[in-house]
Amino acid sequence: MLTEASEPNAKTGGRMDSELLKELMFQLTVTKAMLKTVELEQILYIILSGITHGDGLNFNRAVLLLAWDRRNELRVTQSAGPANGEEAHRIWEGVKAEKLDLQSLLDRYASQANIIQYLTSQLTGFSLNVNEARPMTSMTSPHYELHEVIAHCVATKLPFVINGTQATYYNHVSRETLTFKNFACVPIVLNDEVLGIILTDNFFNSRIIHDEELRGLNIMANLASIALERAMLYRKLSEMAKADGLTGVFNRQYYESYLQDEFIRARRLQRALSMIVFDIDFFKLCNDTYGHERGDQVLRQFAQILRDNTREGDMVARYGGEEFVVLLTGEHSPQDSWMVGEKLRQIVASTAFSEFTPGQITVSGGVSVVNPNEDFRHLFTRADQALYLAKRNGRNCVILYTAADENESALAEQAEQ
C-alpha cells in the first residue's frame, strides 16, 4: 500500500528513470558512431559533438589534447565551441531552428571536418611535456594558468571540476588571452598511460558543473580511449603499407599522395609550404667501397636522424636511392626553413655513421618555400634546383632557393652540356 510520502518518491523515481534513459541513449548514439570509423579526426569530432550538444553533456566548449605519435608531448588536436557570446547565440538558434539532434550533427562530419575551430587556432602554441607534469599544490586558487590545470590532470590521472574561477592561456602570436570558466578536466587513459585530456567549460552561460556531469565526461573519456586505441592500431597498419621497407620513413608513392592533400590544405588556409630535399654526399662511392650492407646502414641511420629531429606534423619520405624529402607542414618563413635544413645537416656531419667517424658522412640540401599565390608544383623542383647548387658549391651545405638560383642552375646545366 502506497503512503502519501511514497508518491513523490515514485515521481522522483520516474524522473530518474527518464534521465537514465536519456543518458543511455546518448551513450548508445556516441558508441555506435565511434564503432563505424577508425579515422582519428572523425572520432574526435564525435567526442566533441557529444560533449557540447544539448542531447549530450551540453557544455559550452570542449578541447581535446592528445599525445599521439610522440607520447611525451600533449598538444591541442581539435576543439568545439564558439568564439564569443554572439556566435554562441547564433549557433544555438540555428540548432533549434533546424531541430538538429545529436545523430544529425554526427552525420554532418564530412561538411564540418575542415572547418578551423576558434579554440584550436588560439591554442596552437600550447604544449605540455607529459613527463614533466606536476600536480597543483592547491585547488582553491582565485586564478589558474591553463598549463598548471592540464599538468595537474596528467600528473594525478584523475578528473576534476573547478567552478567559480578562471583558467587562462596567453597566445603570444595573437596577443590574446583565452579564458576558461567553470571548467572540468578529464584524462583519457590507456594502459595506465595518459593518451589525452578533455577540457570543457561553461564560459558563456556560467552554468555550474555538477558531479554527475563529471561522471558523464569520464564515460566519454573511457569510450574515447577504446576508440583511439582502435584508431592507433589502424593507423599503424596503414602506415606500414606507406613506409619505405629499408628506412621506415614514408615511401615516394605515399609522399606524392600526401603532398597533393597538403597543396589543397595550404591553398584553403592561405599559408605557405616549405620543403627540404636532402642527398647523401658521395653515397655511390660509399656503396662501391664498403658494400651495400654498409650503405643500407647509413640510409637507415640518416632516416632516423630526420625522424628524430623534425616536428610531429612534418613529413619525412625517401624519394629514391639516397635522396630524402622533408615537408614542413607548419607556417615557416624561408629563413626558418633554411635553419631547419641547416640544423639537420649539422647533426649529420657530427654523427658517427655505422663504422664511419663523424664528418665522413655528410649531406647536401635544397630548401624551397612556395606561397599560396604561387603554383605549388614548383615546391619540389625549386628545392631540387637548390640541392643541385649545393652540390656544385662543394657539398655538405644547405641552400635556400631564390629566383636567381633558377637562372644560375640553368646556365650551369648548359655549360656542362
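About the cut-offs
Residues numbered from 1 in each chain as written. Predicted model: local features only at pLDDT ≥ 70, side-chain atom pairs only at ≥ 80, totals over all residues. Heavy atoms only, no water. Buried < 20%, exposed > 50% of the residue type's maximum accessible area, 1.4 Å probe, protein only. Helix = DSSP H or I, 4+ residues; strand = E, 2+ residues; numbered from the N terminus. Pairing = 2+ DSSP bridges. Axes fitted to C-alpha atoms, helices over the stretch in contact; angles between N-to-C directions. Contact = heavy atoms within 4.5 Å. Parallel < 35°, antiparallel > 145°, perpendicular 65-115°, else oblique. Nonpolar A, V, L, I, M, F, W, Y, C, P; charged D, E, K, R; others polar. Core = buried A, V, L, I, M, F, W, Y, C linked by side-chain atoms within 4.5 Å.

Focus: the pairing of strand 7 (residues 193–201)
Then, in step 1: By the criterion of burial, strand 7 is predominantly enclosed, with eight of the nine residues buried.
Then, in step 2: With six bridges connecting them, strand 1 (residues 61–66) and strand 7 associate as antiparallel partners. Residue pairing across strands places A62 opposite T200, the latter belonging to strand 7.
Then, in step 3: Examined bridge by bridge, strand 6 (residues 176–190) and strand 7 share eight bridges and lie antiparallel to one another.

Some points on the sheet that holds strand 3 (residues 127–129)
Adjacent strands of a sheet pair through backbone hydrogen bonds, lying either parallel or antiparallel.
Then, in step 1: Pairing is mixed in the open sheet, where seven strands are placed in the order 3-2-1-7-6-5-4. Across the chains shown, the open sheet's two edge strands, defined by having one partner strand only, are strand 3 and strand 4 (143–145). Taking the axes of each pair of neighbouring strands and ignoring which way they run, one obtains an average angle of 40° across the sheet.
Then, in step 2: Lying on the sheet, helix 7 (residues 146–156) is in contact with strand 1, strand 2 (73–80), strand 3, strand 4, strand 5 (160–171), strand 6 and strand 7; it crosses strand 4 at an angle near 75°.
Then, in step 3: Docked against the sheet, helix 8 (residues 211–242) engages strand 1, strand 5, strand 6 and strand 7, running at close to 65° with respect to strand 6.

Brief notes about the packing of helix 2 (residues 40–52) against helix 8
Then, in step 1: Where helix 2 contacts helix 8, the two axes come as close as 9 Å, and the packing angle between them is 170°. For the element pair helix 2 / helix 8, the angle class is roughly antiparallel. On the side of helix 2, the interface is formed by L40, E41, I43, L44, I46, I47, G50 and I51, while helix 8 contributes L217, M220, A224, A227, L228, A231 and R235.
Then, in step 2: The residue makeup of the contact of helix 2 with helix 8, split by class, is 12 nonpolar, one polar and two charged.

What about the nonpolar core?
Then, in step 1: Ranked by internal contacts, the top residues of the largest apolar core, which has 36 residues, are V30, I47, I51, I198, L217 and L228.
Then, in step 2: Elements represented by at least two residues in this core include exactly helix 1 (6–35), helix 2, strand 1, helix 4 (102–106), strand 6, strand 7 and helix 8.
Then, in step 3: Those residues in contact with I47, other than ones at most four positions away along the chain, are M34, L64, I198, M220 and A224.
Then, in step 4: L65, F126, Y144 and I197 belong to the second-largest nonpolar core, a separate cluster that totals 30 residues.

Here's the deal with the environment of L223
Then, in step 1: Counting through the fold element by element, L223 comes out in helix 8.
Then, in step 2: L223 gets classed as buried once you look at its relative accessible area, which sits at 17%.
Then, in step 3: In this structure, the C-alpha to C-alpha distance between L223 and H152, residues 71 residues apart in sequence, is 22 Å.
Then, in step 4: If we skip the residues at most four places from it in the chain, L223 touches V30, T31 and M34.

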